[in-house]
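One letter stands for each residue in the lines below.
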Amino acid sequence: MSDQPVLHVTGRVLVGPEDVRDELWVIDGRVSYDRPVAATDVRTVDGWTLPGLVDAHCHVGLGPHGPVDAATAETQARTDRDAGTLLLRDAGSPSDTRWVDDRDDLPKIVRAGRHIARTRRYIRNFAHEIEPDELVAYVGREARRGDGWVKLVGDWIDRDLGDLSACWPRDAVEAAIAEAHRLGARVTAHCFAEDALRDLVEAGIDCVEHATGLTEDLIPLFASRGVAIVPTLVNIATFPDLAAGGADKYPTWSAHMLRLHERRYDTVRAAYDAGVPVYVGTDAGGSLAHGLVAAEVAELVTAGIPAVEALSATAWGARRWLGRPGLEEGAPADLVVYETDPRADVRVLASPRRVVLNGLVVE
C-alpha cells in the first residue's frame, strides 16, 4: 500500500441506477469494495456518490477566436473538474492537450482531433478547412491523432444560399467514415439543420452533435442504426441571440435557427422515446463557459427525459458509451459526492460536496 491515504466513502454509492451500495474504499487511487486490512491513515467522505460526470461535447484549449494558451486550457479543465465533470470527450480542438494526460489533478480527455470543415464553412481558426477530395486523408490524419473519435462539420451556413446546408457530398462522407472505421475510430458530426442527416447516418456515422434538425421521418433511421445524439441544449439556448444578430443579412437562416430552437425539447424527447441514445454535452469552449454539465442534465429533464436516464447520460451510460469505467472494482477512483440523492432531484449536481479524482479529494 502506498503513502496515499485510504479514502472510505460512506452513505449511498450509486454504482448503477439500481446498484446502490453502502460504502466503497479508495486504495492506491483505485476503487475497492473490500475493507483494507492494514490501513492506518483513513479519511471518510459521506453522502450520495456517483461516478465522475461526463461532458461528451466540450473543447479544452479552444476560445472564441481559436486556440488558447496552456494556462487558459488548464483553467477550462479545472472548471470542469470542480463541477464534478471528470471525463471529457473533446469534440474538436486545434490545441494539443496531450499534456493533460500527465496530470492526475485534471479530468481525463477522450479527443476527437481537430474539427474538419468545408472551406469557409465554419468558425475561423477552429477547423481544418478543406474540400471533399481531401476529406478521406484528413479523416485518416485526425483518426490517428485522436482517441478513437473524429469530428466533422456536417452543415453550416452557406452565405450564397443564405441558410444552413450540408457541407459534404454523399460519396465523400461514405469514403471518409469508412476510412475512420478502418482505423478503429468512430465519427461524429456537428449538425444543426435537417438536410445533412440522412446521408451521414446512411453513410455509417456513429453520433451527431446538436441534432436540432431531427425530424419525424429521420428519428426511426437514427434509432435503427443506433446513432447517438448529444443535444447540447445549453448551447441551443443561444440560437435566438444568434438569429437576432444575423436577421438583417441572412433572414432565411435567422428564421430557420428560431424554428430549430422552438422545437428543441420536442426533438430531444421524440428521439429519446424512439430509442435513440442521448448523452450529455455542453459545447463548452469557444464562446460557451465550462462547468455546465449540471445545467445540461436539467435541460434534458425539462425536455421530458426521466431523471435517472438523464443522470445515466452523464454518468453510467455515458462512461459505458465512451468505453471508460465507472465505479467498478479496480477502476480509477473518479467520483463525486453529493448532499442528497441526485436521482430524486438532478439539480443537486450543481453543488458537489466532494470531488475525488484519481483517488485524491480535489474539491
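Our subject is the structure that appears above.
On a predicted model such as this, the values are computed, not experimentally measured, just so you know. (Residues numbered from 1 in each chain as written. Predicted model: local features only at pLDDT ≥ 70, side-chain atom pairs only at ≥ 80, totals over all residues. Heavy atoms only, no water.)

K.L.:
Please clarify how the sheet that holds strand β8 (residues 85–90) should be interpreted in this entry.
P.N.:
Paired through backbone hydrogen bonds, the strands of a sheet run either parallel or antiparallel to each other. Spatially, β5-β8-β9 is the arrangement adopted by the three strands of the open sheet, whose pairing is parallel. In this open sheet, the two strands that pair with only one neighbour each are β5 (53–58) and β9 (108–111). The mean angle between the axes of side-by-side strands here comes to 20 degrees, regardless of whether they run parallel or antiparallel. (Pairing = 2+ DSSP bridges. Helix = DSSP H or I, 4+ residues; strand = E, 2+ residues; numbered from the N terminus. Axes fitted to C-alpha atoms, helices over the stretch in contact; angles between N-to-C directions.)

K.L.:
For this particular structure, what's the right way to read the sheet that holds strand β20 (residues 360–361)?
P.N.:
The strand order β3-β2-β1-β4-β18-β19-β20 describes an open sheet built from seven strands, whose pairing is mixed. If you trace the sheet from one side to the other, it starts and ends with β3 (30–32) and β20, each paired once. Both strand β2 (residues 20–27) and β3 contribute to a ladder of three bridges, which runs antiparallel. Along β3, the bridge assignment pairs I27 with R30.

K.L.:
Looking at this structure, I do not really get the pattern of salt bridges. What am I missing?
P.N.:
Pairs may arise between side chains of opposite charge once their charged atoms sit close together. Per the stated rule, a full pass over the model turns up 27 salt bridges. For D105, the salt bridge is made with R103, and the minimal N-O distance between the two is 2.8 Å. According to the relative accessible area criterion, D105 is partly exposed, its value standing at 23%. Using a relative accessible area of 25% as the deciding quantity, one classes R103 as partly exposed. In this structure, the salt-bridge partner of R182 is E179, at a minimum N-O distance of 2.9 Å. With R182 and E179 both in helix α3 (residues 170–182), this residue pair falls three residues apart, about one helical turn. Here E179 falls in the buried class, since its relative accessible area comes to 15%. (Salt bridge = Lys/Arg side-chain N within 4 Å of Asp/Glu carboxyl O. Buried < 20%, exposed > 50% of the residue type's maximum accessible area, 1.4 Å probe, protein only.)

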